[in-house]
Amino acid sequence: MSAQEIHAEATDITGNAKKRYSAGVLKYRQMGYWQPDYVPSETDTICLFRITPQDGVDPVEAAAAVAGESSTATWTVVWTDRLTACDSYRAKAFRVDPVPGTPGQYFCWVAYDIILFEEGSIANITASLIGNVFSFKPLKAARLEDIRMPNALIKTFKGPPCGLIVERERLDKFGRPLLGATTKPKLGLSGRNYGRVIYEGLKGGLDFMKDDENINSQPFMHWRDRFLYVMEGVNKASAATGEVKGSYLNVTGATMEDIYERAEFAKELGSVVIMVDLIIGWSAIQSIGNWARKNDMIVHMHRAGHGTYTRQKNHGVSFRVMAKWLRLAGVDHLHTGTAVGKLEGDPMTVQGYYNVCRDSYTKQDLPRGLFFDQDWCDTKKVMPVASGGIHAGQMHQLIDLFGDDVILQFGGGTIGHPAGIQAGAVANRVALECMVKARNEGKDIKNEGPEILKKAAQTCTPLKQALDTWGDITFNYTSTDTSDFAVTPGVSA
Ligand SMILES: O=C(COP(=O)(O)O)[C@H](O)[C@H](O)COP(=O)(O)O
Ligand SMILES: [Mg+2]
């Protein structure tokens with residue numbers, strides 16, 4: 001059946017109210033969820049889903065079902081639709097294209113009226129867009145690839161409590177990426193030993209230290225102990241270096257009451273930053289964002305667990321969508337990948353996540369996985385965090401890929417240094433500063449980077465030791481999540 005025939009059939013049925021609302025089962029496209037002539041309005045949200053229909057299921061009907069199940073539909077006609085402005089409330093699938101080079105998969109575009117979403121609530125948006133529809137039997141798999149949210153919806157969110165511009169002002173650090181490190185081992189250190197690691201890292205030249213994702217309040221170190229020793233380390237290092245220093249105190253806990261109690265104590269101790277993990281959930285993230293806004297606190301967001309649903313290309317949600325929602329929900333830092341480190345990340349796809357965090361206006365950029373223009377309406381910018389298996393020997397690649405507005409975090413790549421933690425931090429700071437200087441002088445750091453590092457190492461033993469230890473370490477594996485398009489139509493590569 002051609003698109004015109006499908007459209008004619010749907011119009012015929014929707015035009016005939018008796019037939020449309022007679023009890024029984026109709027195809028989703030006959031119920032009005034497929035409208036190939038629909039032109040999305042300025043206030044619509046547009047989603048791009050990648051769908052894999054079951055064998056024998058018509059892709060157009062599958063797309064209509066996605067629109068139906070993520071908005072108003074159920075499996076059969078219900079007369080109560082007629083008690084509503086159902087023509088507006090229905091989401092509309094309006095375009096279906098085969099995924100290039102991937103038989104059996106289709107991209108489908110679905111438009112949602114603004115009336116469908118509660119203002120300022122990511123929980124509500126996700127309940128529709130990545131809710132029941134992902135378990136729908138006629139689909140083998142589905143993935144929310146990208147989303148365009150209208151200005152009217154964007155303006156209902158408060159966004160990052162601090163934002164990257166104000167963060168730099170509070171820290172008094174400009175013109176270079178910030179440096180951090182995740183404390184290792186992840187679990188098991190006592191409070192006093194933990195505080196020592198914090199001091200060493202900051203004193204050696206890092207701007208931030210960081211709690212790991214799974215450290216909360218275990219028997220080996222209760223949270224108050226951790227906070228007290230960490231802040232002792234932060235204060236001593238600030239005094240010794242004359243720089244503002246911070247350590248992301250992980251306030252993640254079992255309940256919102258625990259989270260608030262930990263955040264209040266972090267504030268009382270004078271910390272500039274707290275941390276939460278994605279696993280606390282959307283409502284908790286928005287709540288801690290509100291708390292941070294009131295208390296002038298930077299919120300660091302770790303994203304542990306996202307790979308369970310963002311990594312596979314055929315099912316789940318793209319991290320670019322998660323990044324858009326997290327920016328609106330209200331976080332200041334967001335782990336967005338390294339491309340060169342130990343964890344999943346195709347360089348172009350990862351750059352797409354960075355753009356979503358830092359753009360004032362995101363332009364369509366298919367090679368980076370960005371399907372839509374997105375106006376951020378002056379929502380503050382999120383500081384992206386590159387972390388996971390990176391070391392000083394990759395400094396040129398990291399700066400070339402991500403620029404200055406990024407936090408580069410070397411956990412093992414600081415604490416595993418053969419001459420100790422301070423030496424690890426010195427190596428990273430010297431590698432960073434020599435690379436920024438070279439770039440500012442107009443050097444081609446992408447190609448000359450290894451030489452620039454080698455030269456700096458002649459007068460910096462810790463950097464020499466870092467390069468000798470890790471210089472050859474790479475993680476060259478095929479990425480799972482890559483773009484389906486080499487170039488954006490109309491834009492030369
Ligand atoms: O502990 C680390 C990194 O430690 P190390 O520097 O020793 O590898 C973080 O949990 C990862 O960055 C998370 O991954 P992502 O940043 O991709 O969410
Ligand atoms: Mg970790």
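- Under the annotation held in an unreviewed UniProt entry, the protein chain carries the name Ribulose bisphosphate carboxylase large chain and is attributed to Dyella ginsengisoli.
- Per UniProt, the protein chain carries the Subunit (unreviewed entry) text "Heterohexadecamer of 8 large chains and 8 small chains."

**Remarks on the UniProt feature "domain: Ribulose bisphosphate carboxylase large subunit C-terminal" (unreviewed entry) in the protein chain**
Moving on, step 1. UniProt marks residues 165-470 with the feature "domain: Ribulose bisphosphate carboxylase large subunit C-terminal" (unreviewed entry), using the numbering shown here.
Moving on, step 2. Helix makes up 48% of residues 165-470 and strand 13%, with an end-to-end C-alpha separation of 33 Å.

**What about the sheet that holds strand β4 (residues 139-148)?**
Moving on, step 1. Sheet architecture is open: 5 strands sit in the order β2-β3-β1-β4-β10, paired in mixed fashion. In the strand order of this sheet, the two ends are held by β2 (92-98) and β10 (316-317), each with one partner.
Moving on, step 2. In terms of strand pairing, strand β1 (residues 45-53) meets β4 through 8 bridges, oriented antiparallel. Counted as the bridge partner of T52 is A141 from β4.
Moving on, step 3. Along the sheet, helix α14 (residues 319-329) contacts β4 and β10; its crossing angle with β4, the most-contacted strand, is approximately 45°.

**Structural notes on the coordination of the magnesium ion (ligand 2)**
Moving on, step 1. The coordination sphere of the magnesium ion (ligand 2) contains the protein donors D212 (OD) and E213 (OE), at a distance range of 2.0 to 2.1 Å.
Moving on, step 2. Owing to a relative accessible area of 19%, E213 belongs among the buried residues under this scheme.

**Some thoughts on helix α20 (residues 461-470)**
For an α-helix the count is 3.6 residues per turn, leaving residues at separations of three or four pointing the same way.
Moving on, step 1. Taken residue by residue, α20 has P462, L463, A466, L467 and W470 as its buried positions. The arc that holds the buried residues of α20, viewed along the axis, is 135°, so those residues lie on one side. Exposed residues pointing more than 90 degrees away from the buried face of α20 are listed as T461 and D468.
Moving on, step 2. Turning to α20, the residues buried within the fold contact α17 (412-415), α18 (421-440) and α19 (445-457).

**A few points about the side chain of D484**
Moving on, step 1. Considering the arrangement of structural elements, one finds D484 in the segment after α20.
Moving on, step 2. According to the relative accessible area criterion, D484 is buried, its value standing at 19%.
Moving on, step 3. Polar contacts involving the side chain of D484 include one to the side chain of R50, which spans 2.6 Å.
Moving on, step 4. There is a polar contact of 3.4 Å between the side chain of D484 and the side chain of K313.

**Considering the sheet that holds strand β11 (residues 333-335)**
Moving on, step 1. With parallel pairing, 8 strands are arranged side by side around a closed barrel as β5-β6-β7-β8-β9-β11-β14-β15. Within this sheet the neighbouring strands show an average axis-to-axis angle of 25°, counted without direction.
Moving on, step 2. Two elements, β11 and strand β14 (residues 383-387), share 3 bridges in a ladder whose sense is parallel. Each bridged residue has a counterpart across the sheet, and for L334 the counterpart in β14 is P384.
Moving on, step 3. Strands β6 (208-210) and β7 (246-250) of the sheet are contacted by helix α9 (residues 191-203), whose axis makes an angle of about 150° with β6.

**Digging into the pairing of strand β9 (residues 298-302)**
Moving on, step 1. Within β9, 5 of the 5 residues are buried, which leaves it mostly tucked inside the rest of the structure.
Moving on, step 2. Burial along β9 is two-sided: the residues I298, H300 and H302 and V299 and M301 are all buried.
Moving on, step 3. Bridging between strand β8 (residues 273-277) and β9 involves 5 bridges; their strand directions are parallel. Looking at the pairing, I274 lines up with V299 of β9.

The rules behind the values
Residues numbered from 1 in each chain as written. Chains lettered and ligands numbered in written order. Predicted model: local features only at pLDDT ≥ 70, side-chain atom pairs only at ≥ 80, totals over all residues. Heavy atoms only, no water. UniProt positions renumbered as here; feature names shortened; annotations may be inferred. Helix = DSSP H or I, 4+ residues; strand = E, 2+ residues; numbered from the N terminus. Pairing = 2+ DSSP bridges. Contact = heavy atoms within 4.5 Å. Axes fitted to C-alpha atoms, helices over the stretch in contact; angles between N-to-C directions. Donors = N, O, S within 2.8 Å, 3.2 Å for Na, K, Ca; no water. Buried < 20%, exposed > 50% of the residue type's maximum accessible area, 1.4 Å probe, protein only. Arc of directions from axis to C-beta. Polar contact = N/O pair within 3.5 Å; in protein donor to acceptor, adjacent residues only side chain to side chain.

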